[in-house]
Structure formats: structure tokens, C-alpha cells
Amino acid sequence: MANGQANGQWYPPEWPDRIRALAAGTLTPVTPKRAATVMLLRDTGTTGSGPAVHMLRRRTSMAFAGGAYAYPGGGVDPRDDDRAIGWAGPTRAWWADRLGVDEAGAQAIVCAAVRETYEEAGVLLAGPTGDSVVGDTTGDDWEADRAALVDRELSFAEFLDRRGLVLRSDLLGAWARWITPEFESRRYDTWFFVAALPVGQRTRNASTEADRTVWITPADATAGYDRGELLMMPPTVATLRALAEFGTAAEALASAPGRDLTPVLARARLSGDEVVLSWPGHDEFTKHVPGTDPASAPTPSDPTGGACA
């Protein structure tokens, strides 16, 4: 079976067996890899609609969350903590305190957020000075550099240096932190950030992992999820619901410093023969999976949802 879906929630059918194996001590949790993802926002100009967020749909062939909608993002590159990187905005020490890691780790996470946004959406949160941002990032020369970053032929520090740019960490706001459940075969410790689309830049589907990208308001995205039309993982839905409270991108960014970054990690327990899966603080995602009969597991449906990480 491929990825399953229940009310729009991405739900792999192998989870119950893996949860039981974890409870029995026969499954050793994989160490999560640090990662970062960015919710790019832009104002719609429509009163009451709030800002739109840039989302991509992961190809159905992807082993992890195929068919699910998500935001641009990915894992930390070992070179993302290169001290030679051009840097502007809050210090590494400030980010270390905010993200709950050491300074090298903080730089790597912030760098990954900016790098992955450029790699997957073509949007670059960097500029020639600490108070400027590059404009149009399209063209063959930019694409050659982006491809070199994706292929890891070029580090992000080398890319910025070649371009005479500094990373604008002040354009990011740390929003949330979610850790993939212990029973998953692919695990990530992911920091979610918000950022406004820089003036003069535009998003595009630059990712080989996505088959579609959209700008959609958080309210419309969560409504699609609630109807079972848009497939998403719990962190995506939770961050969208939080974003829906804000009328503009600036308001969302201004609220970021006060956001709680306590990691959210799913909990699984056995109640008789039933598996109970929950995410602390997010009751809507709680699942009760009875027995071991495959017929009782969530059934897969069209992962495209007929519509929009």
C-alpha cells in the first residue's frame, strides 16, 4: 500500500505495525536529522483574507509524504555551519538561544532554511548589504548556481561569497519545531520559519521533489484539508491554522519572536489491541487504530486530493 489518507491527513498504513514493534522493543528509533522549512508569505490585497503562503505538492513517487502539500525545506548540509558565511541580522548567539541549540547548530539551521528556499522555490533571502535584498534571481547564471547548490557541488557560503551577498537572517522568524515520530523510518528534527516574499522576486517550482506549487491562504488550505481534498502532515496543518490568525505577512513575522519552540513529538501507546497515536497540544490529530486487521487501517485515496510543505 502507498501513503494513506484520513480526512486529508497523511497516514502511512505501516505505522500501526511499527508502533507495536517500538512498544515491544524490536524497533530501534532512527536518529532524526536536523532540517528547516520556510513558510513564504505574501499579502493578497484582499481585505479579510490574510496573507497567502507558498506551498508545494510532493510527487506521489516520494518515499516520504508522497502527494502531501508542504513548504520548501530540507535537511542541513554539513557545510551549513561554515563560519565563513556572509551573515546579517541577529547574531549566531541570539539564534542559538532562540532555537535551543549551540551557535554552530543555529547557523546551520538558519542557513539551511535560506538555502533550501532558494533551491526549491528560487527565492533568496540575501542581499549585497545587511539592509538590502537581491531582486530578480532568474536567468541562466542564477540557475547554474542553484543547480550546483542542489548537487552539493557548491556550498552556500561559497555561493554567497561568489555573488558578494550576505544571508539576511533578520528576514526569518522562527515559528515552530516538530520532530518526526520515533516509529518513522525517516526522521527529521525540523524548525519552521516564516518569511515575506522579497520585493522583485517570484516563486517557481524549482524542486525535483514537487509536481505542483501554489499560493493559497492558510484558511483555504486548512478548509481543503478538512474536506479531505488536500493531503498534509500534522505539522503543516498546525502551522497553517496558526498563520490563519494574521491579516498580513508583517503581522505574522512580528509575532514570531513570541512563538513557542518547544518540540512537538508524537506519542504512541497501546490500549489493549488498539494503537492510540497523539501529538501533544494538537488533539485534532489523535488517531485510534484498532486491531491488526489490514481492513481496519486507513485506506489510501487519491493523494493529489484533486487540488494544491
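Refer to the structure above for everything that follows.
All figures in this text were calculated on a predicted structure; none of them were measured in a lab.

Caption draft 1: Structural view of the overall build of the chain. Helices and strands together make up the secondary structure of the chain, namely eight helices and 16 strands. With the model as given, the accessible surface of the chain reaches about 13,000 Å², and the carbon-plus-sulfur share is 49%.

Caption draft 2: Inspection of a negative patch on the surface at higher detail. Negative charge collects at one region of the surface, where Asp81, Asp82, Asp102, Glu103, Glu158 and Asp161 lie side by side. Given a relative accessible area of 35%, aspartate 81 falls into the partly exposed group.

Caption draft 3: Examining unusual backbone geometry more closely. Positive phi values are uncommon outside glycine, yet arginine 152 reaches one of about 60 degrees. As for its position among the elements, arginine 152 is in the loop between helix 4 (140–150) and helix 5 (156–163).

Caption draft 4: Inspection of the nonpolar core at higher detail. Of all hydrophobic cores here, the largest spans 42 residues; its most connected members are Leu99, Leu124, Phe156, Leu172 and Phe193. Elements with a contribution of two residues or more to this core: strand 3 (33–42), helix 2 (92–99), helix 3 (103–121), helix 4, helix 5 and strand 11 (188–196). Discounting residues that sit within four places of it in the chain, leucine 99 has contacts with Ala106, Ile109, Val110, Ala174, Arg177, Trp191, Phe193 and Leu261. In this structure, Ala21, Leu41, Phe183 and Tyr225 belong to the second largest nonpolar core, which totals 38 residues.

Caption draft 5: Here's a closer look at helix 7 (residues 234–243). Most of helix 7 is tucked away, with nine of its 10 residues classed as buried. Among the residues of helix 7, those classed as buried are Pro234, Pro235, Thr236, Val237, Ala238, Thr239, Leu240, Ala242 and Leu243.

Caption draft 6: Highlighting the packing of aromatic side chains. Tallying each qualifying case throughout the model produces nine aromatic pairs. Between tyrosine 71 and phenylalanine 192 the ring centres are 6.3 Å apart and the planes differ by 90 degrees, which places this aromatic pair in the edge-to-face class. Highlighted residues: tyrosine 71 in the loop between strand 5 (69–70) and strand 6 (73–75) and phenylalanine 192 in strand 11, separated in sequence by 121 residues. Given a relative accessible area of 3%, tyrosine 71 falls into the buried group. Centre to centre, the rings of tryptophan 94 and tryptophan 95 are 4.9 Å apart; their planes meet at 85 degrees, and the pair counts as edge-to-face. Through a chain of ring-to-ring contacts, three or more aromatic side chains come together here, namely Tyr118, Trp142, Phe156 and Phe159. Against the face of tryptophan 87 rests arginine 92, its NZ or CZ located 4.8 Å from the ring centre.

Caption draft 7: Looking closely at the environment of arginine 269. Counting through the fold element by element, arginine 269 comes out in strand 14 (residues 267–271). Linking arginine 269 and arginine 20, residues 249 residues apart in sequence, is a C-alpha distance of 8.5 Å. Residue contacts for arginine 269: discarding those within four places in its chain leaves Glu274, Val275 and Val276.

Caption draft 8: Examining the sheet that holds strand 7 (residues 87–88) more closely. The strand order across the open sheet formed by three strands is 7-9-8, and the pairing between neighbours is mixed. Of all strands in the sheet, those bounded by a partner on one side alone are strand 7 and strand 8 (126–127).

Caption draft 9: Geometry of the pattern of salt bridges. All told, the structure shown has 17 salt bridges when counted by the stated rule. Linking arginine 115 and glutamate 116 is a salt bridge whose minimum nitrogen-to-oxygen distance equals 3.0 Å. Across the pair glutamate 119 and arginine 115 runs a salt bridge, and its minimum N-O distance is 3.1 Å. With a gap of four residues between them, glutamate 119 and arginine 115 both fall in helix 3, about one helical turn apart.

Criteria and thresholds
- Residues numbered from 1 in each chain as written.
- Predicted model: local features only at pLDDT ≥ 70, side-chain atom pairs only at ≥ 80, totals over all residues.
- Heavy atoms only, no water.
- Helix = DSSP H or I, 4+ residues; strand = E, 2+ residues; numbered from the N terminus.
- Areas by Shrake-Rupley, 256 points an atom, 1.4 Å probe, with all protein chains shown as cover.
- Patch = residues over 30% accessible without salt bridge, like charges linked within 9 Å, V, L, I, M, F, W, Y side chains within 5 Å.
- Salt bridge = Lys/Arg side-chain N within 4 Å of Asp/Glu carboxyl O.
- Lys, Arg positive; Asp, Glu negative; His and termini not counted.
- Charge placed at Lys NZ, Arg CZ, Asp CG, Glu CD.
- Buried < 20%, exposed > 50% of the residue type's maximum accessible area, 1.4 Å probe, protein only.
- Core = buried A, V, L, I, M, F, W, Y, C linked by side-chain atoms within 4.5 Å.
- Contact = heavy atoms within 4.5 Å.
- Phe/Tyr/Trp six-rings, centres within 6.5 Å; stacked < 30°, edge-to-face > 60°.
- Lys NZ or Arg CZ within 6 Å of the ring centre and 35° of its normal.
- Pairing = 2+ DSSP bridges.

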